[in-house]
Amino acid sequence: MNGTNSHLSKPIDDSAMDNLYRLVNLMQLLRDPERGCPWDNRQTFASLVPYTIEEVYEVAAAIDKQDFPLLREELGDLLLQIVFYAQMAREQDLFDLDDVARSISDKLVRRHPNIFEEQAGPGGATWDDIKEAERRAKPGSGTLLDDIPDALPQLLRAWKIQERAASVGFDWQEARPVLSKIAEELTELEEALAAEDAQDRLAEELGDLLFSAVNLGRHLDISAEDALRKSNEKFRRRFRCVEQQMAKQGKSLANCSMEEMEQAWQAAKLE
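Residues numbered from 1 in each chain as written. Predicted model: local features only at pLDDT ≥ 70, side-chain atom pairs only at ≥ 80, totals over all residues. Heavy atoms only, no water.

This brings us to the packing of helix α7 (residues 154-166) against helix α10 (residues 224-248). Where α7 meets α10, the axes come as close as 8 Å, and the angle between the chain directions of the two elements is 150 degrees. With respect to their mutual orientation, α7 and α10 come out roughly antiparallel. Residues Leu155, Leu156 and Trp159 of α7 form the contact with α10, whose participating residues are Ala224, Glu225 and Leu228. Its residues assigned to classes, the contact of α7 with α10 shows five nonpolar, no polar and one charged. (Axes fitted to C-alpha atoms, helices over the stretch in contact; angles between N-to-C directions. Helix = DSSP H or I, 4+ residues; strand = E, 2+ residues; numbered from the N terminus. Parallel < 35°, antiparallel > 145°, perpendicular 65-115°, else oblique. Contact = heavy atoms within 4.5 Å. Nonpolar A, V, L, I, M, F, W, Y, C, P; charged D, E, K, R; others polar.)

What follows is the structure, encoded as structure tokens:
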């Protein structure tokens, strides 16, 4: 094995596990009713959710910046969230971190019968086949779209809904018809604007346009969430250049004309 991927066969040493045990013990101490931290003791499963979502986005931001020291830190913050949930579950005799690790390990083995064929799954079954069988086996699985979480970011949820529908053939075969659908939805939005329709009708038409845009991204294998994040960053970067250009002229944006800002914007684009 060459030097570039020799780490793939390198086992995790005891010190790595020691640090995980240390983190688990620290969280147990922080949750101690008498000796622990009051803030940590006040938390519930529900109260931690916003922090968990924030940590996931901070991991994504570190990856986007290719800042690996920051990524290490953010992954630690995310791991803390998992240990925190597991500790609260342990206190309620629901499960513990060992159960979490066992569950995901069993799932990985089960969903890779081509690699672990002695341990799991019938030969020839794909990841999607096995995942769908697991979904159907869950109590109250309902229809094909029922178990897609409502709390997902809505661009991601749209992708998941479309992906699930596509799994049974309810989908276009290529991207070009989706472009036509986007043009159709844009026309309907323009008509609603011209007719001065109510806000709920405008919101519906705008939602259809966004849903179709996500569908186009899916056919192009481009995450709408990632694409929008990059566009947000591009706008922020260019807007900052506009602010700097106006500041050099001794002006604030509030006192600039639209023409001046547009000229500065075009200069920022060239940069």
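The next thing to look at is α10. Taking 1.5 Å per residue as the helical rise, α10 with its 25 residues ought to reach 36 Å, and the 36 Å between its terminal C-alpha atoms agrees with that figure. Summarising the contacts, the buried residues of α10 are in contact with α7, α9 (199-219) and α11 (258-270). For α10, the N-terminal capping position is held by serine 223, with its side-chain oxygen 3.3 Å away from the main-chain nitrogen of glutamate 225. Looking one or two places after α10, you find glycine 250, whose phi comes out positive at around 75 degrees. (Expected span 1.5 Å × (residues − 1). Polar contact = N/O pair within 3.5 Å; in protein donor to acceptor, adjacent residues only side chain to side chain.)

Take a positive patch on the surface next. Side chains of Lys107, Lys131, Lys138 and Lys160 sit close together on the surface and give a patch of like positive charge. If you trace the backbone, lysine 138 turns up in the loop between α6 (127-137) and α7. (Patch = residues over 30% accessible without salt bridge, like charges linked within 9 Å, V, L, I, M, F, W, Y side chains within 5 Å. Areas by Shrake-Rupley, 256 points an atom, 1.4 Å probe, with all protein chains shown as cover. Salt bridge = Lys/Arg side-chain N within 4 Å of Asp/Glu carboxyl O. Lys, Arg positive; Asp, Glu negative; His and termini not counted. Charge placed at Lys NZ, Arg CZ, Asp CG, Glu CD.)

Attention shifts here to the environment of arginine 31. Here arginine 31 is to be found in the loop between α1 (14-30) and α2 (38-42). Distance from arginine 31 to arginine 42, taken between C-alpha atoms, is 8.9 Å for residues eleven residues apart in sequence. In contact with arginine 31, not counting residues within four places along its chain, are Asp40, Asn41, Gln43, Phe84, Gln87, Met88 and Glu91. Reaching out from arginine 31, the side chain makes a polar contact with the side chain of glutamate 91 at a distance of 2.6 Å.

Worth remembering: the numbers are spatial, not functional.
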